[in-house]
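One-letter residues, chain by chain:
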Amino acid sequence: MTSIVKLEHLSHKYASAWAIRDINMLIGQTGIMGLLGSNGAGKSTTMNIMCGALKQTEGEVFINGINMRQQPELAKQQIGFLPQQAPLYMDLTVAEYLRYCAELRAIPSSGIKAALGAAMERCGVAHYANRLIRNLSGGYRQRVGIAQAIIHEPKLVVLDEPTNGLDPNQITEVRGLIREIARERAVIFSSHILSEVQVLCDEVTMIEGGRVVFADSMDAFNNYIAPHSILMEMENPPAANTLLTIPGITSVEFSTPRKARIFFSGDQEIVEALVAASVQQGWRLRGIQLEKNALDEIFKQLSKQSAQ
Ligand SMILES: Nc1ncnc2c1ncn2[C@@H]1O[C@H](COP(=O)(O)OP(=O)(O)OP(=O)(O)O)[C@@H](O)[C@H]1O
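Residues numbered from 1 in each chain as written. Predicted model: local features only at pLDDT ≥ 70, side-chain atom pairs only at ≥ 80, totals over all residues.

As annotated in an unreviewed UniProt entry, the chain carries the name ABC transporter ATP-binding protein and is attributed to Chitinophaga horti. Its UniProt record gives the chain the following Sequence similarities (unreviewed entry) comment, quoted word for word: "Belongs to the ABC transporter superfamily." (UniProt positions renumbered as here; feature names shortened; annotations may be inferred.)

Okay, structure coming up:
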């Protein structure tokens, strides 16, 4: 089956600096793909080019097999896009705005009413149809932004940081909506927040410094970033050599006489082995905790690996 998105050697230069370099990507027809990267990594540039809102300096974009450079109108028909700044008109009501979007999308006038009804229903904004967009909360504005992105029933929906600036309840609601609309189409979703991508996405592509540094399933990513170190605080700690006799422990660093960072390979059952040894040998355990890799640490590791 044709990929919904194929990016080939995509590069873009603003003025004199390259924002993205040699990005290659293949995205399947359904599911949610997370584009993860720190601020300035190149996510928006990639998404804007993918959606035909920005012309690339080099490389090609294919949407469902259609070359964006050669047939931009046909390619864009397949895409719904919610850019980082949602393109909303504050002085229109929800229904007026969505009608305008439907007309821009060239939906035949006989089909507009049904398209409008379906998008509003799907995005949970039907009861606000006659309310001015300026009078909606941030979460509802974002729902309207998503409604304009799906009004023409595209095969691909691209959402650039759609939960940015929302409160925790609104984030949960918008996530639910994204899952819902991804049932029958592909969704690409960008974020600089790892946990956001972890809860929503099936696949993840990580961009750092304008380059792809990781592209695989969410499971593979989670496996990759699984903790490999433990912080342990003890009143009566053993010598490092004693800790190293426990199978799975690869190295030990004491940051203070009572606090050790213990590196391990294999699974997290090592925690149980350490607690048992502590009880048996009287280390007087005061705290034990798996250390999660911080996102900037993961970015650094992956960037280093991809440069090798
Ligand atoms: N219009 C522009 N003119 C010049 N440089 C730009 C422009 N837009 C983005 N850049 C630069 O290109 C690089 C990539 O920016 P981009 O907005 O694509 O990153 P991002 O991952 O989406 O970050 P953010 O999450 O902060 O939006 C950054 O260094 C940014 O400063």
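Let's pick the thread back up.
Brief notes about the sheet that holds strand β9 (residues 203-208)
Read from one edge to the other, the open sheet built from six strands follows the order β6-β7-β8-β3-β9-β10, with strand pairing classed as mixed. Sheet topology places β6 (79-82) and β10 (211-217) at the edges, where each strand pairs with a single neighbour. Across this sheet, the average inter-strand angle for adjacent strands is 15°, counted without regard to direction. Bridge analysis of strand β7 (residues 156-160) against strand β8 (residues 186-191) gives five bridges, and the strand direction is parallel. Bridge pairing in β8 places V158 opposite I188. Sitting on the sheet, helix α5 (residues 138-150) touches β6 and β7, and the angle it makes with β6 is about 160°. (Pairing = 2+ DSSP bridges. Helix = DSSP H or I, 4+ residues; strand = E, 2+ residues; numbered from the N terminus. Axes fitted to C-alpha atoms, helices over the stretch in contact; angles between N-to-C directions. Contact = placed C-beta atoms within 7 Å.)

Some points on helix α10 (residues 270-281)
An ideal rise of 1.5 Å per residue puts 16 Å on 12 residues; α10 measures up with 16 Å between its terminal C-alpha atoms. Immediately beyond the C-terminal end of α10, within one or two residues, lies G282, with a positive phi of roughly 65°. (Expected span 1.5 Å × (residues − 1).)

What about the nonpolar core?
A general feature of soluble globular proteins is that nonpolar side chains tend to end up buried together. Within the largest apolar cluster, 68 residues are counted, with the highest numbers of intra-cluster contacts made by I63, L98, A119, A147, V158, V187 and I188. It is α5 that provides the largest number of residues to this core, a total of six residues. Look past the residues within four positions of I188 in its chain and what remains in contact with it is I27, M33, L35, M47 and V158. In terms of nonpolar packing, the next biggest core, distinct from the first, is built from seven residues, I230, V252, A260 and F264 among them. (Core = buried A, V, L, I, M, F, W, Y, C linked by C-beta atoms within 7 Å. Buried ≥ 20, exposed ≤ 12 C-beta atoms within 10 Å, placed from the backbone.)

Looking at the pairing of strand β12 (residues 249-256)
Sheet topology places β12 next to strand β13 (residues 259-264); six bridges connect them, and they run antiparallel. Looking across to β13, one finds that F254 is bridged to A260. The loop that links β12 with its antiparallel partner β13 comprises two residues.

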